[in-house]
Amino acid sequence: MTLEYLQNYWWLLISVLGALLVFLLFVQGGQSMLLSMKNEADRELTVNAMGRKWELTFTTLVTFGGAFFAAFPLFYSTSFGGAYWLWIIILFSFIVQAVSYEYRLKKGNVYGTGTYDVFLFINGCVGCILLGVAVAMFFFGADFTVTRTNLLDNSAPVISRWGSTHGLEAIFCWKNLVLGVAVLFLARMQGCLYLINSTTHDKTFEAKLRQQSLINGGIFVIFFVCFLILLLTADGYTVVSNADGVEVVSLTPYKYFHNYCHLWWAAVALLLGVVLVLTGLARTVFSATYKKGIWWTGIGTILAVLSLFWVAGYGDTAYYPSLTDPASSLTIRNSSSSEFTLTAMSYVSILIPFVLAYIWYVWRSMDRKKLSPEELASTDHKY
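None of the values given here were measured: they were computed from a predicted structure.

Assigned secondary structure in the protein consists of 16 helices and four strands. By the compact-globule yardstick of 21 Å for 383 residues, the protein fits well, its C-alpha radius of gyration being 22 Å. On the principal axes, the C-alpha backbone points of the protein span a range of 70 × 45 × 40 Å. A separation of at least 24 residues holds for 77% of the contacts in the protein among residues at least 6 apart in sequence. When the accessible surface of the protein is split by element, carbon and sulfur atoms take 68% of a total near 17,800 Å². Treating the 24 positive side-chain charges of the protein as one cloud and the 22 negative ones as another, the clouds have centres 12 Å apart.

Following the criterion strictly, the structure yields eight salt bridges and no others. One salt bridge in this structure joins Asp 117 and Arg 104, with 2.7 Å as the shortest N-O distance. Taken together, the residues span a long stretch of sequence, with Asp 117 in helix α7 (residues 112-140) and Arg 104 in the loop between α6 (84-103) and α7 at a distance of 13 residues. Accessibility expressed as a relative area gives 1% for Arg 104, which makes it buried. Salt bridges linked by common partners bring Arg 43, Glu 44, Arg 104 and Asp 117 together as one network.

By the definition in use, this model includes zero disulfides. In this model Cys 125 remains outside any disulfide bridge; the closest cysteine sulfur is found in Cys 128, 7.6 Å from its own. Judged by relative accessible area, which is 0%, Cys 128 ranks as buried.

In this structure, Tyr 84 sits in helix α6. When the C-alpha positions of Tyr 84 and Thr 165 are compared, they lie 9.4 Å apart, and in sequence the two are 81 residues distant. Each residue touching Tyr 84, except ones within four places of it in the same chain, is listed here: Ser 79 and His 166.

Okay, the packing of helix α4 (residues 54-71) against α6 next. It is the contact of α4 with α6, at a shortest axis distance of 11 Å, that shows an interaxial angle of 150°. One finds that α4 runs roughly antiparallel with respect to α6. α4 and α6 meet at a crossing whose hand is left-handed. Across the interface between the two elements, Trp 54, Thr 57, Phe 58 and Leu 61 of α4 pack against Phe 94, Gln 97, Ala 98 and Tyr 101 of α6.

It is worth spelling out the packing of aromatic side chains at this point. If you walk through the whole model with that rule in mind, you get 43 aromatic pairs. Between Trp 11 and Phe 68 the ring centres are 5.9 Å apart and the planes differ by 70°, which places this aromatic pair in the edge-to-face class. With a gap of 57 residues between them, Trp 11 in helix α1 (residues 3-24) and Phe 68 in helix α4 connect regions that are remote in the sequence. A relative accessible area of 0% places Trp 11 in the buried class.

Moving on: the nonpolar core. Membership of the largest hydrophobic core comes to 106 residues, with the highest contact counts inside it found for Phe 72, Phe 139, Phe 227, Tyr 319 and Tyr 320. Among the elements that take part in this core, helix α9 (residues 174-198) stands out by supplying 15 residues, more than any other. Contact partners of Phe 72, with chain neighbours within four places excluded, come to Gln 7, Trp 10, Trp 11, Ile 14, Ala 67, Tyr 319, Ile 332, Ser 335, Ser 336 and Ser 337.

Below, the discussion takes up the packing of helix α3 (residues 40-51) against α9. Two elements in contact, α3 and α9, have axes whose closest approach is 11 Å; the angle formed by their N-to-C orientations is 95°. In terms of orientation, α3 lies roughly perpendicular with respect to α9. Here Thr 46, Ala 49 and Met 50 of α3 lie close against α9, whose contacting residues are Gly 191, Tyr 194 and Leu 195. Partitioned by chemical class, the residues of the contact of α3 with α9 number four nonpolar, two polar and no charged.

Taking 1.5 Å per residue as the helical rise, α3 with its 12 residues ought to reach 16 Å, and the 16 Å between its terminal C-alpha atoms agrees with that figure. Judged by how many residues are buried, α3 sits mostly within the fold: 10 of 12 residues are covered. When we look at burial in α3, the residues that qualify are Asp 42, Arg 43, Glu 44, Leu 45, Thr 46, Val 47, Asn 48, Ala 49, Met 50 and Gly 51. Where α3 begins, one side-chain oxygen reaches toward the backbone nitrogen of Ala 41, 2.8 Å away; that side chain belongs to Asn 39.

This next bit is on a positive patch on the surface. A contiguous patch of positive charge on the surface is contributed by Lys 292, Arg 364, Arg 368 and Lys 370. Note that Lys 292 resides in the loop between α12 (264-285) and α13 (293-313).

This part is about a nonpolar patch on the surface. Residues Tyr 347, Val 348, Ile 350, Leu 351, Ile 352, Phe 354, Val 355, Leu 356, Tyr 358, Ile 359 and Tyr 361 make up a contiguous nonpolar surface patch of about 1,200 Å² in total accessible area. For the nonpolar patch, the secondary-structure elements that each account for two or more residues are α14 (339-348) and α15 (352-367). Sort the elements by how many residues they give to the nonpolar patch and α15 lands first, with seven residues. For Ile 350, the location among the structural elements is in the loop between α14 and α15.

Let us look at unusual backbone geometry. The phi angle of most residues is negative, glycine excepted, and most peptide bonds adopt the trans form. Even without glycine at this site, His 166 takes up a positive phi of about 50°. Looking at the secondary structure, you find His 166 in the loop between β2 (160-162) and α8 (168-171). Within the chain, Tyr 254 stands out as a residue other than glycine whose phi angle is a positive 55°. Topologically, Tyr 254 is positioned in the loop between β4 (247-252) and α11 (255-262).

The rules behind the values
- Within every chain, residues take consecutive numbers counted from 1 along the sequence as written.
- Per-residue local features are limited, in this predicted model, to residues with pLDDT of at least 70; the limit for side-chain atom pairs, both in listing and counting, is 80 or more; totals at the level of whole chains, interfaces and linings are taken over all residues.
- Only hydrogens and water are removed before side-chain values are computed, so all heavy atoms of the structure are retained for them.
- Helix and strand assignments follow DSSP, with helices taken as H or I runs no shorter than four residues and strands as E runs no shorter than two, numbered in order from the N terminus.
- A radius of gyration in this sense is built from C-alpha atoms; the matching globule rule multiplies 2.2 Å by the number of residues raised to 0.38.
- We call two residues in contact when some of their heavy atoms are within 4.5 Å.
- Using the Shrake-Rupley algorithm and a 1.4 Å probe, accessible areas are obtained, with residue cover drawn only from the displayed protein chains.
- Under the counting rule used here, the positive set is Lys and Arg, the negative set is Asp and Glu, and His together with the chain ends is not counted.
- The atom standing in for a charge is NZ when the residue is Lys, CZ when it is Arg, CG when it is Asp and CD when it is Glu.
- By convention in these notes, a salt bridge is any Lys or Arg side-chain nitrogen within 4 Å of a carboxyl oxygen on Asp or Glu.
- Per-residue accessibility, obtained with a 1.4 Å probe over protein chains only, is compared with the maximum for each type, and a residue is labelled buried under 20%, exposed over 50%, and partly exposed between these values.
- For the purposes of this analysis, a disulfide is any pair of cysteine sulfur atoms at a distance within 2.5 Å.
- Here, axes are lines fitted to C-alpha atoms. For helices the fit covers the stretch in contact, and angles between N-to-C directions go from 0 to 180 degrees.
- When an angle is under 35 degrees it counts as roughly parallel; over 145 it counts as roughly antiparallel; between 65 and 115 it counts as roughly perpendicular; any other value is oblique.
- We call a crossing left-handed when the near helix sits turned anticlockwise from the far one by less than a right angle, and right-handed when that turn is clockwise.
- We call Phe, Tyr and Trp rings a pair once their centres come within 6.5 Å, taking the six-membered ring for Trp, and we label the pair stacked below 30 degrees between planes, edge-to-face above 60, and tilted otherwise.
- Throughout this description, the term nonpolar core refers to a set of buried Ala, Val, Leu, Ile, Met, Phe, Trp, Tyr and Cys residues connected via side-chain atoms within 4.5 Å.
- Amino acids outside the nonpolar list (Ala, Val, Leu, Ile, Met, Phe, Trp, Tyr, Cys, Pro) and the charged list (Asp, Glu, Lys, Arg) are all regarded as polar, and Gly is one of them.
- One less than the number of residues in a helix, times 1.5 Å, gives the span that helix is expected to have.
- What qualifies as a polar contact is a pair of N or O atoms within 3.5 Å, subject to a donor-acceptor requirement within protein and to the restriction that residues adjacent in sequence count only when both atoms come from side chains.
- Patch definition: residues with relative accessible area over 30% and no salt bridge; like charges joined within 9 Å; nonpolar side chains (Val, Leu, Ile, Met, Phe, Trp, Tyr) joined within 5 Å.

What follows is the structure, given as structure tokens:
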């Protein structure tokens, strides 16, 4: 296997993990609706339905970061080590989520369940928005420089340096926030669809979920269309090596539009993903009995996010553009691990389908019986 093949292969795996993570954010979407639920039975049903799946989201996030660290370590050190305010806030929001599910109903809880519901709400909103911001930086750039020769400087062997705000500027960049808000309302919509599919309660609760699916889905569509307009009209960096092996960085107008034209399979995935999301939403909203919309929107979300990762990394594209120094922009060629490391990890990756099959089996086993208030009242294992 050549190094170029391995780099493409590992970007594909990271794309899959990123797509699964965005889909699994329906847990955070469900949590973001807790404070608007005045009925205690509705709130408890929502918390316990999401509590069954919260570890999958957290584990996928950690695996996503671990895969980036192993396959593209320069990105890991640049982003996670430089934009630390962004990543610290994301990490903190997921820590309070774990604490909330662990201690919400513990005996001796002096803070009350309401406090932990607020923590879950914070994770639901902050986690979704900031993860969307982090992905948007793949297209709209970040404030960093890379100087590889610094490795030879014993006094300061730091390759990547970030701007003075260390990621805060990315949070307040309106272009990044457009995608962040889109991810939040996508997660809220899918949280509603998941509850419709996995729980059984009174008709009023289900009617509210269908109504919220329409509202949140509509807001998502508006922000996602805005993001696509920004993306398809954005400039990007094309990075190629000349005859001497030196990387040449050139600013390309409408870079991602051209990528979709050349990478036709990415365009097909995006269009199919959008159609599936809209189909799942429409079938749920306009039918009082249909409950499987989450699978339509889930598969659609995965396909759409895959296409975004593909046009960000393939086609000689800088997947992490530097706004400070274009020559510092990261590509899957200049930021990857060695051929030996990627080869060794590729053998391990053969186990991934078996892991996914196990997750699917556990998922189906947990959701075989729909969760209801009566079942919650008869079990001691509650969140």
